[in-house]
Amino acid sequence: MNQHQALKQTFEHARTYFPSLGNTYKGRPVLFFDNSAGTQVPQFVIDRVTDYYIHRNAQKGTIFARTAEMQQTIVDARQLAADLVGAADHTEIAFGQNATNFFHLYAHHLGRDLRAGDHIIITEADHHANVNPWLELAERDIHVHVWNVDSQGNLDFDHYEKLLALKPKIVAAGWASNATGTIHDMKRITAMAHEAGALVVADGVQAASHIAMDVKAAGVDFAAFSTYKIFGPHMGFGYINRDRLERLEGWRIQKELGKDAYFFEVGSQNHEGIEGFIGSMEYLTRLTKDAEANGLVLDEALFGILRPSRRNIAGAMHFAHLYEQQLTNHFLANLAEAEGVILYGKNAAHADERLPVFSFNIEGIETDMLGHALNDAGVEARTGNYLAINLMKRLAAPFGGSALRISLVHYNTVEEIDRFFNILSNVIQQLKSRVH
Ligand SMILES: Cc1ncc(COP(=O)(O)O)c(C=O)c1O
């Protein structure tokens with residue numbers, strides 16, 4: 001079996017871990033293409049949540065064995081989150097409600113150290129989660145600058161350089177676009193920000209569903225992630241670099257307890273969700289084992305030096321990205337054949353710089369009509385701006401800033417893509433005949 005076949009076999013089998021992928025609509029299997037909004041969960045997660053309720057359902061701060069077990073489970077889960085994103089260890093991780101909440105917390109705490117007249121950079125490409133919290137600081141006469149994208153939605157680094165000359169204190173930027181699927185060069189963004197004396201708050205939400213994350217290699221200072229987009233429960237977690245944590249002047253939360261990231265976890269947490277997150281990491285670990293059983297190999301120079309649990313979790317995401325590139329190429333080849341397509345973001349020539357997240361419109365067809373017709377035919381895909389509001393306003397202006405988004409992950413298949421393009425072609429014919 002060559003690599004192409006081994007990846008296909010591994011990831012087509014991965015579907016079998018997800019009970020919800022067998023769902024039907026009007027008697028036909030659903031094409032679940034809304035993964036950028038949230039992924040489905042494997043049985044590992046369902047089992048973990050059930051197990052929590054049976055064995056470890058307890059509150060913090062008692063002497064019961066049940067509480068001790070629950071608390072240890074949360075530490076274990078933070079360690080797995082550290083493995084997933086490449087943090088030093090569990091002390092750099094905090095669980096919470098979702099990524100948006102973390103960006104608000106970061107803006108609140110970092111904002112305490114800012115003075116009127118200070119500068120902050122946000123981007124035109126970002127989801128509003130990492131935009132709005134910073135815009136709120138403008139009310140205190142802090143200057144918030146928008147780093148522009150070009151006509152393809154790529155961040156304009158010349159513009160960035162000009163903004164960095166203002167010596168901003170913070171750069172808030174996304175690791176990958178949830179609208180166009182473009183992967184941003186986070187290492188370059190961070191290196192340039194640090195050179196100018198700014199720290200970086202990264203939105204890792206979209207990238208983490210698709211690629212092996214490495215917060216240390218990218219050098220980001222703060223980041224946030226959504227566990228429900230990484231095959232887990234509806235929650236999020238934050239990463240805070242230890243060095244930054246120590247220097248966080250505005251730090252006010254449970255100050256007397258010390259400075260570990262998890263003191264951002266104020267109040268009671270979603271214990272069952274945190275335990276469910278462990279299930280999602282067990283799933284990724286299983287994927288690496290499956291891939292290796294199919295003859296796929298991890299580059300030991302890169303992965304052999306990692307702690308074993310990180311090796312297995314990041315390894316799965318590495319294989320997933322390789323497989324997703326097959327899906328991307330197949331999707332873009334089909335899209336090129338379809339009638340009147342306007343694709344936003346990277347085309348086939350730059351397929352390796354993007355995720356399998358495709359936003360497009362069809363000339364002469366209203367976006368919402370397209371979405372409804374596809375939904376009727378069993379395609380669960382979203383239309384709108386996906387809260388990448390400024391980006392979509394710029395890219396899809398003639399369509400009112402709205403587009404159809406097909407977002408795939410590693411459990412989607414080539415066969416599903418083929419089925420989609422058959423449906424799309426029929427839907428286009430139907431809608432065009434209605435218009436004329
Ligand atoms: C890029 C990006 N950032 C942030 C968010 C918001 O994440 P959460 O729902 O965890 O707050 C999303 C959700 O769609 C997203 O795609």
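Residues numbered from 1 in each chain as written. Predicted model: local features only at pLDDT ≥ 70, side-chain atom pairs only at ≥ 80, totals over all residues. Heavy atoms only, no water.

- The protein chain appears in an unreviewed UniProt entry as Aminotransferase class V-fold PLP-dependent enzyme from Sporosarcina jeotgali.

1. Here's the deal with the pattern of salt bridges
Here is step 1: Enumeration according to the criterion identifies 24 salt bridges in this entry.
Here is step 2: Residues Asp34 and Arg382 are paired through a salt bridge, measuring 2.9 Å at the closest nitrogen-oxygen approach. Residue Asp34 is found in the loop between strand S3 (31-32) and helix H2 (43-56), and its partner Arg382 is found in strand S14 (residues 382-384); the two are separated by 348 residues along the sequence.
Here is step 3: Residue Asp34 is classed as buried on the basis of its relative accessible area of 14%. (Salt bridge = Lys/Arg side-chain N within 4 Å of Asp/Glu carboxyl O. Helix = DSSP H or I, 4+ residues; strand = E, 2+ residues; numbered from the N terminus. Buried < 20%, exposed > 50% of the residue type's maximum accessible area, 1.4 Å probe, protein only.)

2. Topic: the sheet that holds strand S4 (residues 93-96)
Here is step 1: Pairing is mixed across the open sheet formed by seven strands, whose spatial order is S4-S10-S9-S8-S7-S5-S6. Sheet topology places S4 and strand S6 (143-147) at the edges, where each strand pairs with a single neighbour. Each adjacent strand pair in this sheet contributes to an overall mean axis angle of 20 degrees, direction not counted.
Here is step 2: Inspection of the sheet shows strand S5 (residues 119-123) paired to strand S7 (residues 170-174) by two bridges, in the parallel sense. Each residue of the ladder has a partner; that of Ile120, found in S7, is Ile170.
Here is step 3: Running over the sheet, helix H3 (residues 65-85) touches S4, strand S9 (222-226) and strand S10 (236-240) and is turned about 110 degrees from S4.
Here is step 4: Sheet strands in contact with helix H4 (residues 99-111) are S4, S7, strand S8 (199-203), S9 and S10, and its direction is about 160 degrees off that of S9. (Pairing = 2+ DSSP bridges. Axes fitted to C-alpha atoms, helices over the stretch in contact; angles between N-to-C directions. Contact = heavy atoms within 4.5 Å.)

3. Considering unusual backbone geometry
Note: most residues except glycine have negative phi, and most peptide bonds are trans.
Here is step 1: The phi dihedral of Asp141 falls on the positive side, at around 65 degrees, and the residue is not glycine.
Here is step 2: Residue placement: Asp141 occurs in the loop between helix H5 (132-135) and S6.
Here is step 3: In this structure, Tyr386 takes a positive phi of about 50 degrees despite not being glycine.

4. So, the sheet that holds strand S15 (residues 403-407)
Here is step 1: On the basis of which strands lie adjacent, the open sheet formed by four strands has the order S11-S12-S15-S14 and antiparallel pairing. Where the open sheet ends on each side, the last strands, each with one partner, are strand S11 (341-344) and S14. For this sheet, the mean inter-axis angle between neighbouring strands, taken without regard to orientation, is 35 degrees.
Here is step 2: Here strand S12 (residues 357-362) pairs with S15 via four bridges, running antiparallel. Across the sheet, Ser359 pairs through a bridge with Arg405, a residue of S15.
Here is step 3: In this fold helix H12 (residues 308-337) packs onto S11, S12 and S15, with an angle of close to 5 degrees to the strand it touches most, S12.

5. Considering the pairing of S5
Looking along a regular strand, one sees side chains alternate from face to face of the sheet.
Here is step 1: Within S5, five of the five residues are buried, which leaves the element mostly enclosed by the surrounding structure.
Here is step 2: As judged from the five bridges shared by S5 and S6, these two strands associate in the parallel manner. Among the inter-strand pairings, Thr123 is bridged to a residue of S6, identified as Trp147.

6. Regarding the layout of surface pockets
Here is step 1: Within this model, the largest pocket holds a volume of roughly 340 Å³.
Here is step 2: What lines the largest pocket is a set of 25 residues, and nearest its centre among them are His127, Asn178, Val205, Lys229 and Tyr386.
Here is step 3: At three residues, H4 tops the list of elements feeding residues into the lining of the largest pocket. (1 Å grid on protein atoms, 1.4 Å probe; cavity = no way out; pocket = protein on both sides within 12 Å on 5 of 7 lines; lining within 4 Å. Points joined across faces, edges and corners; volume = space filled by probe spheres on them.)

7. A closer look at the site of the ligand
Here is step 1: Lining the immediate environment of the ligand, one finds Asn98, Ala99, Thr100, His127, Ala129, Asn178, Asp203, Val205, Gln206, Ser226, Tyr228 and Lys229.
Here is step 2: Between the ligand and Gln206 there is a distance of 3.0 Å, counted from an oxygen atom to a side-chain nitrogen or oxygen.
Here is step 3: The contact in question runs from an oxygen atom of the ligand to an N or O atom on the side chain of Ser226, over 2.7 Å.
Here is step 4: Isolated, the ligand exposes 400 Å² of accessible area, and the fraction of that covered by the protein chains is 89%.
Here is step 5: Because more than half of its atoms lie within 2 Å of the grid, the ligand is assigned to the largest pocket.
Here is step 6: Here the residues of the shell around the ligand sort into four nonpolar, six polar and two charged. (Near = heavy atom within 4 Å. Polar contact = N/O pair within 3.5 Å; in protein donor to acceptor, adjacent residues only side chain to side chain. Areas by Shrake-Rupley, 256 points an atom, 1.4 Å probe, with all protein chains shown as cover. Sits in = over half its atoms within 2 Å of the grid points. Nonpolar A, V, L, I, M, F, W, Y, C, P; charged D, E, K, R; others polar.)

8. Some thoughts on the domain arrangement of the protein chain
Here is step 1: For the protein chain, the assigned domains read domain 1 (3-42 + 313-435) and domain 2 (46-277).
Here is step 2: If you average the C-alpha positions of domain 1 and of domain 2, the two centres end up 27 Å apart.
Here is step 3: Taken together, the contact between domain 1 and domain 2 spans 40 residues of the former and 36 residues of the latter.
Here is step 4: Of the roughly 3,000 Å² buried where domain 1 meets domain 2, counting both sides, 61% is carbon and sulfur surface.
Here is step 5: Of all residues in domain 1, Met317, Leu355 and Leu391 give up the largest surface area on contact with domain 2, accounting jointly for 20% of the area buried on that side. (Domains from an automatic or database assignment. Buried area = accessible area lost by both parts, 1.4 Å probe.)

9. Quick look at the pairing of S7
Here is step 1: Counting buried positions along S7 yields five of five residues, so the element is predominantly enclosed.
Here is step 2: Where burial is concerned, the two faces of S7 agree: the one with Ile170, Ala172 and Gly174 and the one with Val171 and Ala173 are both buried.
Here is step 3: In this region the chain leaves S7, passes through helix H7 (residues 186-195) and returns to the parallel neighbour S8; the handedness of that crossover is right-handed. (Right-handed = clockwise from strand over helix to strand, strands pointing away.)

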